Structures are given as C-alpha cells and as structure tokens.
Amino acid sequence: MKLLTFIFYSLISFLIFVFHLESKPVPVGVQDASILQIKVTVLYPNYIQPWRFKNPEIRHSTGIYIGENRLLVPAQAIYFYTNIEVKKPDALKVYTAELDRLDADLGLAILKLNDPTFQKDLKVVQFPSDLFLPGMGLAMESKDQRNLEEKRIRLIRMDIDSYASGYLELPYIEIQSEEKLDGVGELIVDSSSRIPQGILYQFKENGMGKMIPSFAIKHFIDGKSFPFKGFRFKPLVDNASRNFLGLKKDDLGVLVAEIYPGCSADGVLHLEDVILEVSNFKIDPKGYFDHPKFGKLNMSYLFHNTFESESAFEKKIKVKVLRNKKTILLELDLKPLNEFSIRIPHGNTRFQIPKYLMLAGIVFQELSEHYLTEHGNQWRNRVSKELLYLSDFYRIKRNSKEGKVVFLSQVVPLSGNKAYHNSHQMILKTVNGKEISSLEELRNLVNLNESPFIKFVMNDGSELIFKKEEINTLNEEAKKSFQIGADSNF
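Read on for a plain summary of the structure. (Residues numbered from 1 in each chain as written. Predicted model: local features only at pLDDT ≥ 70, side-chain atom pairs only at ≥ 80, totals over all residues. Heavy atoms only, no water.)

### Thoughts on the overall build of the protein chain
A tally of regular secondary structure across the protein chain gives nine helices and 27 strands. In terms of principal-axis extent, the alpha carbons of the protein chain reach across some 90 × 70 × 60 Å. Looking at the 490 residues of the protein chain, the share that counts as buried comes to 50%. Long-range contacts, defined as pairs at least 24 residues apart, comprise 62% of the intrachain contacts of the protein chain with a sequence gap of at least 6. Averaging the coordinates of the 64 positive side-chain charges in the protein chain and doing the same for the 61 negative ones gives two points 2 Å apart. (Helix = DSSP H or I, 4+ residues; strand = E, 2+ residues; numbered from the N terminus. Buried < 20%, exposed > 50% of the residue type's maximum accessible area, 1.4 Å probe, protein only. Contact = heavy atoms within 4.5 Å. Lys, Arg positive; Asp, Glu negative; His and termini not counted. Charge placed at Lys NZ, Arg CZ, Asp CG, Glu CD.)

Shown next, in the form of structure tokens:
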C-alpha cells in the first residue's frame, strides 16, 4: 500500500513538473533556428473577368516554427497560393508546404510540411498569455538564411480593430520603431527576457505598426475559434437622439444599429437598444470603456477578447440596455461569426473565388466589394453608384431570408445579343417574374423554366428578352470567340 501511495504521489509530482516546464515561456535567441523564409507563388482571381486569373506573382514572408512540422505565417501571404516553398537556415534543400488552417479575421495561417526531416534542428516558438505592455521589444526577421536581424521597437498600447479588413474587431498592439520593418510576420520578443510577444502584421512609413498579441496567437494555435458579438453600434453623442431615446443627462451608452442574423445578438438585442453596460463596465457615448490595465478600449474588446484572465470565449456576457426607455439586463451567449449573415463580401477575400454565370453571352455575378475595388484606385468614381450604395450600406443581411445581390456585370458582344451591348453593372430584379437571390437560383430557374422566352428585368425597369433555345447557342459562340472556359464556375 505504501509503495502504491509513493508511486501515486511521484506520478503527480512528475506531471506537475512537466506542466510547469511546458507552461513556462521559452526565450527565443538570435541563434535559434525558429524563423524561416517563405516563398509563395500566388494566382489571384480576376473579379471583372471571373473566368480568368491574373498573372502569377511571388510573395515573400516570414514563417515561425511552432512544432510538429508546422509554421505560423500571415494569412495575407498565402491567399490564392499555388505553391509554398520553405527554406531552413543554412540548408540548400527547399521544402514544400500546404495550408493546414487559416483564420481570416486574425490574419494568421498554419502551414504543414509532410517531410519528417524538416523539423530536425528547429526550435519551437511558444506564445504565452503574458504581455509586457508598455515595453521595449525586438523584431526578429530572417534576411539571408544564415543570421537573424533584430530591430528595436517600442510596444506602446493595446487597441482593437479589424485585422487586414477582416469582419471581427480583435485586440492589437500598436508599435513604434525608428528602423525600417516589412510587417510580413516578423516575430516580436521582449528585449530583456526575449519572451515572444506577438507577430508584426503591418508597418507604415511613419514608423508605426501593428502587432498581433501573443494571447490571440496562442488561442489560434490551440484550435479555438474567435467569439463575435453579432451586432454593430453607433455613437450617441448628440443631445437630440439621447433625449428621444429617454437617456438622462448623466447616462452613457451607444445605439445598436445593425444585428447580424444567426449570430450572438440575434434574438437578444433589438435595433435601437441603447447599450449602457457590458460585463459591469460602463460604456461611454463613443463606445469606449475604462480598462483597469490597458486604459480606454473599444467596447468590442469585452466580446472579442481572448486574453486568458478575462476572455469572453465560451462565456455568457451580461449586457445592460435601455429599451423603450426602460432598463433591462440581458445575456449574450457568444458564438463565432456566421458567414451566412454576410450578404455582400467585403474587406478580406477569405479565399473566395468570384462566381459567374453566363446566359446568352451575358455575364451575371454576385456583388462583392472585391469586384468594385478591381476598377483601380478611383474605383468609387468608376463603378455604378447603385452598386456602390449597396456595398456601403447593405453588406449585412437584414434577415435570414435575404439573398445575394445578383447583377449583370457585362455583355460579351455577339450578333445575337447586339441590342444589349451597352448594358453594364445593372442589378437583376426578376427573371420571368421571379426574384433572384443567388446565381444558383438563377441557373436553376432558367434551366427548368417551361416558357419559350426568358425575360430578365433590371432594377431600372429595362428588359432583356431571349428565346430559351438561344441561350445555349449564344453561350457556345461566346466561349469559342472569347476563350471563356465554361458557362459558369460553380
């Protein structure tokens, strides 16, 4: 019995010791083989001619070894990749990697290498939950495959915003440096302890940059999703609105302006609710609260944060609101973003290839901001004002039944559709009297319609009419004459 007791306590002590070793942050030295160069060949889609791709490009980035033949890289570096090459320090061999996992909102991806020899001599970088802020740091980058370069930076403060035009606002660390940095995934370590603090994902010519904090990186590496509050809010700074909503002189709070269907706030919050408090923190009229450690932060931090000691992940969030001039207490069960609630994709491409459907040589697409921005630096002046208005104000579905915006992007010039050659960037309203909410629905309706004629009605009232038998004939002519591979790409 004594022997069993001794073995039991010895095992417990060993497990505690191992846990202590694994949980203790590990410094990253300048000679450590932890940071590698990544070369990515990308093939970007063409949103204006979606049956084509643009010319291949080469992108360079930094990869950080996180163990088990995996590398951490910025997501922006590998969107629409065709080939990913990795070089180890002091090695001639080139390894090939594949995408293992990606989070578009955090802007990070994990690459996986299948060659078992790759991990030899590499040191694992561990990202702790601790954050030394404010403080001095070092940006570590690999330039010549032999030596790591280190540049001094200053970690200034925490704020919250969307990364790389993502949909979620997440915490980031503002950094400053007098040296030139690339902002392509450099590892940031504390200057004295050399403990990893985050990854640099942006740096501007004015010497300011943004870093993904270590606690968010750890959350991603652990395979966890990020919570999303599921609504947008507006500041409440004018007295007229505050009086109308029933706010007293000393009341704070912001207005719920938009609710994402199928997300955390759906069915809990109402439009024009005034949010007074979140998790017992008072929200000021601009949407900020006073954090005891990090100072003034945007209210979204209380929902989207993954800082270990105060994370909102897998928790219910208490919210005090003013509704119909009465104060009520609510609870939000936080969920990840439901992509279904996005009506018009914007910001981050999220690996989405633009879909198209050609009927009678007429190309239909689903509206996205990516299509609009493809028209150059002055795209807001060059695109249809109606499409621009929808992209600015109707990106989010108003209800779960609302569909995509299907529009006529262009007409391939053929003799059989000559009457419509000038048609361009027009929203499709109905086909044979039925409203359309997706390209799939449009294709099915045309294929299954028993009428000998197909009538497309646009938002401006114009009509495009074809015999049903003409549609395939004109499509074949367009494919042959203009090297279009298929009638559709979905």
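Here the narrative resumes, following the displayed structure.
### Describing the side chain of Ser-34
Among the structural elements, Ser-34 can be located in the loop between helix H1 (2-23) and strand E1 (35-42). Discounting residues that sit within four places of it in the chain, Ser-34 has contacts with Val-28, Gly-63, Ile-64, Tyr-65, Lys-123 and Val-125.

### Let's talk about the nonpolar core
The biggest cluster of nonpolar side chains holds 74 residues, and the ones touching the most others in it are Leu-72, Phe-127, Phe-231, Leu-269 and Ile-275. Those residues in contact with Phe-231 that lie beyond four places of it in its chain are Val-256, Glu-258, Ile-259, Tyr-260, Ala-265, Leu-269, Ile-275, Met-299, Phe-303 and Leu-332. One finds Leu-71, Phe-80, Ala-104 and Leu-111 within the second-largest nonpolar core, a separate group that totals 36 residues. (Core = buried A, V, L, I, M, F, W, Y, C linked by side-chain atoms within 4.5 Å.)

### Comments concerning the pairing of strand E6 (residues 108-112)
Within E6, four of the five residues are buried, which leaves the element mostly enclosed by the surrounding structure. The pairing of strand E3 (residues 70-74) with E6 spans five bridges and is classified as antiparallel. Bridge pairing links Leu-71 to Leu-111 in E6. Taken together, the five bridges between strand E5 (residues 94-103) and E6 define a ladder with antiparallel strand orientation. The residue bridging Leu-99 from the neighbouring strand is Leu-111, located in E6. Between E5 and E6, which pair antiparallel one after the other, the connecting turn spans four residues, and Gly-107 there sits at a positive phi close to 80°. (Pairing = 2+ DSSP bridges.)

### As for the pattern of salt bridges
Proximity of charged atoms lets side chains of opposite charge pair with each other. Evaluation of the coordinates by the stated rule reveals 29 salt bridges. Across the pair Glu-277 and Lys-320 runs a salt bridge, and its minimum N-O distance is 3.5 Å. With Glu-277 in strand E15 (residues 274-278) and Lys-320 in strand E19 (residues 316-323), this residue pair connects regions lying 43 residues apart in the sequence. Assessed through its relative accessible area of 14%, Glu-277 is described here as buried. Taking the relative accessible area as the measure of exposure, Lys-320 reaches 26% and is therefore partly exposed. (Salt bridge = Lys/Arg side-chain N within 4 Å of Asp/Glu carboxyl O.)

### Details of the pairing of strand E13 (residues 231-234)
Taking every second residue as pointing to the same face, the buried face of E13 carries Phe-231 and Phe-233, while none of Arg-232 and Lys-234 on the other face is buried. Pairing between E13 and strand E14 (residues 254-259): four bridges, direction antiparallel. In the sheet register, Phe-233 faces E14, and the bridge partner there is Val-256.

### Things to note about the sheet that holds E1
The antiparallel closed barrel is built from six strands, whose spatial order is E1-E2-E3-E6-E5-E4. Shown here is a sheet whose adjacent strand axes are inclined to one another by a mean of 40°, direction ignored. In this sheet, E3 lies alongside strand E2 (residues 57-67) in antiparallel orientation, the contact comprising three bridges. Bridging across to E3, Tyr-65 finds its partner in Leu-71. Along the sheet, helix H2 (residues 214-221) contacts E2, E3, E5 and E6; its crossing angle with E6, the most-contacted strand, is approximately 45°. (Axes fitted to C-alpha atoms, helices over the stretch in contact; angles between N-to-C directions.)

### Let's talk about helix H8 (residues 439-448)
Every buried residue of H8 is accounted for by Leu-439, Leu-442, Leu-445 and Val-446. With its buried residues spanning 125° around the axis, H8 presents them on a single face. (Arc of directions from axis to C-beta.)

### A few points about the packing of aromatic side chains
For the coordinates displayed, the defined rule picks out 20 aromatic pairs. When the ring of Tyr-81 is compared with that of Phe-351, the centres are 6.5 Å apart and the planes differ by 75°; the resulting orientation is edge-to-face. Here Phe-351 lies in the loop between strand E20 (326-333) and strand E21 (356-359) and Tyr-81 lies in strand E4 (residues 81-87), a separation of 270 residues in the sequence. Residue classification places Tyr-81 among the partly exposed positions, given a relative accessible area of 21%. Overall, the relative accessible area of 28% leaves Phe-351 in the partly exposed class. Here the aromatic rings of Phe-294 and Phe-307 are separated by 6.0 Å at their centres, their planes lie at 75°, and the arrangement is edge-to-face. One end of the pair, Phe-294, is in the loop between strand E17 (288-291) and strand E18 (295-298); the other, Phe-307, is in the loop between helix H4 (301-304) and E19, and 13 residues separate them in sequence. Here the two residues Phe-294 and Phe-307 agree in accessibility, since each one is buried. One aromatic cluster is present, formed by Tyr-44, Tyr-79, Phe-80, Tyr-81 and Phe-351 through successive ring pairs. Taking NZ or CZ as reference, Arg-101 lies 4.5 Å from the ring centre of Phe-220, over its face. Above the ring of Phe-490, the side-chain terminus of Lys-355 is found at 5.3 Å from the ring centroid. (Phe/Tyr/Trp six-rings, centres within 6.5 Å; stacked < 30°, edge-to-face > 60°. Lys NZ or Arg CZ within 6 Å of the ring centre and 35° of its normal.)

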